[in-house]
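Remarks on the overall topology
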Amino acid sequence: MATDTLTAPPAASEPAPVVARRRPRRAADVFAGGGVHLLLIVMAVFSIVPILIVLMNSFKTTQGIFGSPFALPDAETFNLQGYINVFTRGNFLLNYQNSLIVTIATIVLTIVLGTLAAWALVEYKVPITPVLAGFFVVGIMLPIRLGTVPLIKIMTSWALMDTLTALILVYTAMQLPLAIALMTTYFRAVPTELKEAARIDGAGEWRTLSITLPIVRVGIAAVASITMLPVWNDLWFPLILAPSKENQTVTLGVQQFVGQFQNDYPALLASLTLGAVPLVILFAVFSRQYIAGLTKGYGK
């Protein structure tokens, strides 16, 4: 008795995986990328070299500064007298303390007021909202130094001339427009569903705001960074509003080493080096948040 054997049909061959081919970079793309990197390198060199020159010369004698300004300190030119003079002849520690008080107070006020104002502009749709936003944009474009004379009259009428409070108020007003514009972009990116869910659960405005703050923390870090730079480095308003020795900031205190007939260049460079330390620490710690906050904030 014959038996039929059933044979399975041959399995269909699987298609070979498609390997994505990288498009070869064109010569124009390579040239453009190399040009951008070369430009960035040149800009970095022009930014770093002056700082290194100031740092190196702060450890030299006056003869070493003028004799070989681009050379490293050696056994003949090395000298710490500039740093000694900074702490013994001047009021550098008091100046440093004043700068820290003014800068920290300005940062805190700018973050608090800027966050509240930006939250109000985003959440409360009232007819004057566009007008207020326009005023803040105008505040970014107009330099506050144009109002120096009115500011002096206001501070005199308030009995705040030659006080750190006057500097804090002026710096806060100077930084608020930019802080509000930056925080507004971040609050607009917060999901509306998150805020609505919080309100449905019974959260008030303060609680809803506190829920959204972790989402915009990068923007808050950026506001703190961009606030510290102009406040710490400013010379104009300390010279106008707080010129006395008790209220001098670092930038104004440096001038005590520059005289009419004789200049203490080692002490001058040493004070500039010490005055830049907080800014270096700031960017070493918060550089990523600073760059991310500016790029994301202005790009939204």
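**Focus on the overall build of the chain**
- The secondary structure content of the chain amounts to 13 helices and zero strands.
- Counting from the amino terminus, helix and strand elements in the chain follow one another as α-α-α-α-α-α-α-α-α-α-α-α-α.
- Here the chain holds 300 residues, and 35% of them are scored as buried.
- Here the contacts in the chain between residues at least 6 apart in sequence split such that 75% fall between residues at least 24 apart.
- Surface summary for the chain: the accessible area is close to 19,000 Å², and the carbon and sulfur share equals 70%.

**With respect to the packing of helix α7 (residues 164–189) against helix α10 (residues 217–233)**
- The contact between α7 and α10 brings their axes to 10 Å, and the two run at 155°. Viewed along their axes, α7 and α10 adopt a mutual orientation that is roughly antiparallel. Of the two elements, α7 crosses α10, and the hand of that crossing is right-handed. Together, Y171, Q175, L178, A179, L182, M183 and Y186 of α7 and V218, G219, I220, A222, V223, I226, T227, P230 and V231 of α10 make up the contact between the two elements.
- Within the contact of α7 with α10, the residues separate by chemical class into 13 nonpolar, three polar and no charged.

**Thoughts on the packing of aromatic side chains**
- Taken as a whole, this structure holds eight aromatic pairs when the rule is applied.
- For the pair Y96 and W232, a centre-to-centre distance of 5.6 Å together with 80° between the ring planes defines the contact as edge-to-face. Pair noted here: Y96 is in helix α4 (residues 92–123) and W232 is in helix α10, with a separation of 136 residues, a long-range link.
- Through a chain of ring-to-ring contacts, the aromatic side chains of F87, F92, Y96 and W232 assemble into a single cluster.

**A look at a nonpolar patch on the surface**
- A cluster of nonpolar side chains, L100, I104, V108, L109, V112, L113, L116 and W206, forms an exposed patch at the surface whose accessible area comes to about 730 Å².
- Turning to its location among the elements, L116 is positioned in helix α4.

**Things to note about the environment of L80**
- Inspection of the secondary structure puts L80 in the loop between α2 (62–67) and α3 (81–88).
- Since its relative accessible area comes to 39%, L80 is described here as partly exposed.

**A word on the environment of S225**
- If you trace the backbone, S225 turns up in helix α10.
- Here S225 falls in the buried class, since its relative accessible area comes to 3%.
- For S225 and F286, which are 61 residues apart along the polypeptide, the C-alpha to C-alpha distance reads 7.7 Å.

Thresholds, definitions, all that
Residues numbered from 1 in each chain as written. Predicted model: local features only at pLDDT ≥ 70, side-chain atom pairs only at ≥ 80, totals over all residues. Heavy atoms only, no water. Helix = DSSP H or I, 4+ residues; strand = E, 2+ residues; numbered from the N terminus. Buried < 20%, exposed > 50% of the residue type's maximum accessible area, 1.4 Å probe, protein only. Contact = heavy atoms within 4.5 Å. Areas by Shrake-Rupley, 256 points an atom, 1.4 Å probe, with all protein chains shown as cover. Axes fitted to C-alpha atoms, helices over the stretch in contact; angles between N-to-C directions. Parallel < 35°, antiparallel > 145°, perpendicular 65-115°, else oblique. Left-handed = near helix turned anticlockwise from the far one by under 90°. Nonpolar A, V, L, I, M, F, W, Y, C, P; charged D, E, K, R; others polar. Phe/Tyr/Trp six-rings, centres within 6.5 Å; stacked < 30°, edge-to-face > 60°. Patch = residues over 30% accessible without salt bridge, like charges linked within 9 Å, V, L, I, M, F, W, Y side chains within 5 Å. Salt bridge = Lys/Arg side-chain N within 4 Å of Asp/Glu carboxyl O.

These figures come from the coordinates and say nothing about function on their own.
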